[in-house]
Structures are given as C-alpha cells and as structure tokens.
Amino acid sequence: MLIAGIIGTVAVLAAVIAIIIYKESKEFCISFYEYHSTCLSREHYRIVFFFFFHDKVFGEHNEPLLEAIDDLRPDAVMFAGDMVTSSMELHYDYAPTIQFIGKLAEKYPVYYGMGNHEEKFRRQPDIFPGQYEDLSEKLAACGVHIMENETVRIPEAGITVYGLNLEHEYYRKLRTKHLPPRYLQNIFGDVNKENYTILLAHNPEHFPEYAAWEPDLIVSGHIHGGVIRLPLLGGVVSPQLKLFPKYDAGEFRSGSTTMLLSRGIGSHTIPIRIWNRAEVLCVDLKKQRGIPKGDNHGFNIN
C-alpha cells in the first residue's frame, strides 16, 4: 500500500508539472515599470522590450503578441538579443521571427540589440555560413536599427540608447569572466549625461561593470528567469549552468543605475518553464521636474 501510495503521489506531481510546463509554454504576461527623469524631452515615452525570443511562435503567426503590443501603443520597440537561435542545423528557418519583427517595424521604430546567439552566427561563419549576413540584411530591409556596439539618439525624447555586443568569452559557462576596466568607455565613450540613457546588454552577469559606467537603465535577459522559479529562492539555473544565479529576473539597483532583467519569451538549451511565465516588459519614461540627474525613480506597476 505504501509503495502504491508513493507511486500515485509521484504520478500526480508529474502530471501537475506537465500541465504547468504546457500552460507556461502557451502564455505570456506583460510587466509594467515606470521611471522619471529630468533629462527627458517628452512628458511620456513608452518602450516595449523583448528578450530572447528564440523563434518562439505564440498562436497563429504571433498574433496574440502583436495585438498585445498594439494595445500598449508604444513609442518604440527594443530587442535585447537572442531573437533567433544559432541551431547546428545549417538551414535553420527563422522566417517567423523576421516576419514578426517586420510587422512591428511597419508601425513602430524598432531597435535590435545583440545576444550570444547572434554573436555565434557572426563568430562561426564556417558552421553558420552566411546566416549573420542574411539576418542583418533582412532586419535592415524591415527598417530595423541594428545595434552591434552602436549608439542611437532619440532626440525628440531626450533618450540615448546603447546596444552592446559582448564577445563569446563573456558568456562562459560555470564561471564568469569579468569585463576589463573601461570596457564600455572604450566602445561607446562616456555615457551621455544630458539624455536619459538605456543600455541594451544581453548578459546581466556583468551588472556591476555596467553600473559603474552609470547609464540610467540597463535592460537584459539571457538567464531565462532561471528556467524553474521557486518561492523565496528564485531562479534555479542559468544558461551558464550556475545554480541560483544572483541576477535571475526583476529589478536590480546600483547607485543611480537600474537593471531590468526579463524572464524573456522563448526557451533554449533547457526547453521548459516552471512557475516562470514568458514575459514582455513595458517601460514608461516620464519627465520629472525638480529631481536632479541620478535619481532614477521607478516602480513596478504590474
């Protein structure tokens, strides 16, 4: 009887977990954040952020996602890397992702930061012949701003966006190789103190080095929310195979800098989500009067 009871309990738990995995593979949520700054030129500027899409398709041709974004009425859409997957299949099809991005670009300015999968396309042309060029050309044809260590100003809003493309060595598994001193200064120069500044930085492990450069907002992903999220403990494992990563999801602060770390949309390597629903970020930037630069006030309103 005892053995039968144990088997029955295990079977029920397995069924519950299977239902959770299936349910969370079909759903997404939108998390809202709001920040105030005297540097903004407009009273209100809304940005929708996407992270590691990995060629995920929700519903028919991602229509639920497109409808949700239209309902939000953003001023811009920004991606922080890994929208595609650097599969070992040489003829990997990321057409649905390009179609999705293209539909967004018809309505909104779109800025595309790089992740480790795009970096892998570029770094290993022998394994992925022509795929980085093909991806770049298709994005450019859609009117997307590709940000490979690029800086873009949005003068009408008083915003400067930096798109960081980290080298492969800064995505190592099991241990972290820290960025050298003045890494960001050597790429972008000093941060623009006259504007509200956003750094698209795919890998959050380097948050202390990012924050030392003093951008107002860092948006990051890569960690997949820790794949499985446990109460009090947070995310369980990162793509670098680190248990209970320090930066897993949510909001982190250092000095005047805030990092938003998304649970992202797709999955890869460990293709499951448990208590870790896919997430889109919606950030409202509002002009603040009388607060000096450096007070990056914000709150989650979800």
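Residues numbered from 1 in each chain as written. Predicted model: local features only at pLDDT ≥ 70, side-chain atom pairs only at ≥ 80, totals over all residues. Heavy atoms only, no water.

S.K.: Mind showing me how you'd approach the overall build of the chain here?
M.R.: On a plain count of helices and strands, the chain comes out with seven helices and 15 strands. For the chain, the proportion of contacts with a sequence separation of at least 24, taken over those separated by at least 6, is 73%. Roughly 13700 Å² of accessible area belongs to the chain as shown, and the carbon and sulfur atoms make up 57% of that amount. (Helix = DSSP H or I, 4+ residues; strand = E, 2+ residues; numbered from the N terminus. Contact = heavy atoms within 4.5 Å. Areas by Shrake-Rupley, 256 points an atom, 1.4 Å probe, with all protein chains shown as cover.)

S.K.: It is not clear to me how the pairing of strand β6 (residues 150-154) should be interpreted in this structure. Could you clarify?
M.R.: On any regular strand, side chains alternate: one points to one face of the sheet, the next to the other face. Two elements, β6 and strand β7 (residues 159-163), share five bridges in a ladder whose sense is antiparallel. Bridged to Ile154 within β7 is Ile159. Where β6 hands over to β7, the hairpin turn is made up of four residues, of which Gly158 adopts a positive phi near 70 degrees. (Pairing = 2+ DSSP bridges.)

S.K.: Got a minute to help me understand helix α2 (residues 63-72) in this structure?
M.R.: Given 3.6 residues to a turn, an α-helix orients residues that are three or four positions apart in the same direction. Those residues of α2 lying buried are Leu65, Leu66, Ala68, Ile69 and Leu72. Buried residues of α2 fall within an arc of 160 degrees about the axis and therefore sit on the same side. Contacts from the buried residues of α2 go to β1 (28-37), β2 (44-50), β3 (76-80), α3 (95-105) and β14 (278-287). Among the residues trailing α2, Arg73 stands out with phi positive, at a value near 55 degrees. (Buried < 20%, exposed > 50% of the residue type's maximum accessible area, 1.4 Å probe, protein only. Arc of directions from axis to C-beta.)

S.K.: Before we go on, may I ask you to explain unusual backbone geometry in this structure?
M.R.: Working note: non-glycine residues mostly have negative phi, and peptide bonds are mostly trans. Phi angles above zero are rare outside glycine, and Arg73 is one such case at about 55 degrees. Residue placement: Arg73 occurs in the loop between α2 and β3. Non-glycine residue Glu214 carries a positive phi angle of around 70 degrees.

S.K.: Explanation requested: helix α5 (residues 131-141) in the structure shown.
M.R.: Of the residues making up α5, those classed as buried are Gln131, Tyr132, Leu135, Ser136 and Leu139. Take α5 and look down its axis: the buried residues cluster within an arc of 130 degrees, on one side only. Facing away from the buried surface of α5 by more than 90 degrees, the exposed residues are Glu137 and Ala141. Residues of α5 that are buried in the fold lie against α3, β4 (110-113), α4 (116-123) and β5 (145-147). The positive-phi residue at the C-terminal boundary of α5 is Gly143, with phi of around 85 degrees.

S.K.: What is the right way to read the packing of aromatic side chains from this model?
M.R.: Given two aromatic rings, their pairing is described by the distance between the two centres and the angle made by the two planes. Under the counting rule described, the total for this entry stands at eight aromatic pairs. Arranged with centres 5.6 Å apart and planes meeting at 85 degrees, the rings of Phe50 and Phe100 form a pair that is edge-to-face. Taken together, the positions of Phe50 in strand β2 and Phe100 in helix α3 put the pair 50 residues apart, joining distant regions of the chain. Exposure remark for Phe50: the relative accessible area of 1% places this residue in the buried category. Between Phe188 and Trp213 the ring centres are 5.6 Å apart and the planes differ by 35 degrees, which places this aromatic pair in the tilted class. One end of the pair, Phe188, is in helix α6 (residues 183-188); the other, Trp213, is in helix α7 (residues 207-213), with 25 residues separating them in the sequence. Looking at Phe188, the relative accessible area reads 13%, which means it is buried. (Phe/Tyr/Trp six-rings, centres within 6.5 Å; stacked < 30°, edge-to-face > 60°.)

S.K.: Mind showing me how you'd approach the sheet that holds β6 here?
M.R.: Backbone hydrogen bonds are what pair the strands of a sheet, in a parallel or an antiparallel way. Strand order in the open sheet formed by six strands is β6-β7-β8-β9-β13-β12, with mixed pairing between adjacent strands. Edge positions in the sheet fall to β6 and β12 (250-254), since each has one partner strand and no second. In this sheet, neighbouring strand axes are inclined to one another by 20 degrees on average, regardless of whether the strands run parallel or antiparallel. Where strand β8 (residues 196-200) lies against strand β9 (residues 217-220), three bridges are found, and the strand directions are parallel. Bridge pairing links Ile198 to Leu217 in β9. (Axes fitted to C-alpha atoms, helices over the stretch in contact; angles between N-to-C directions.)

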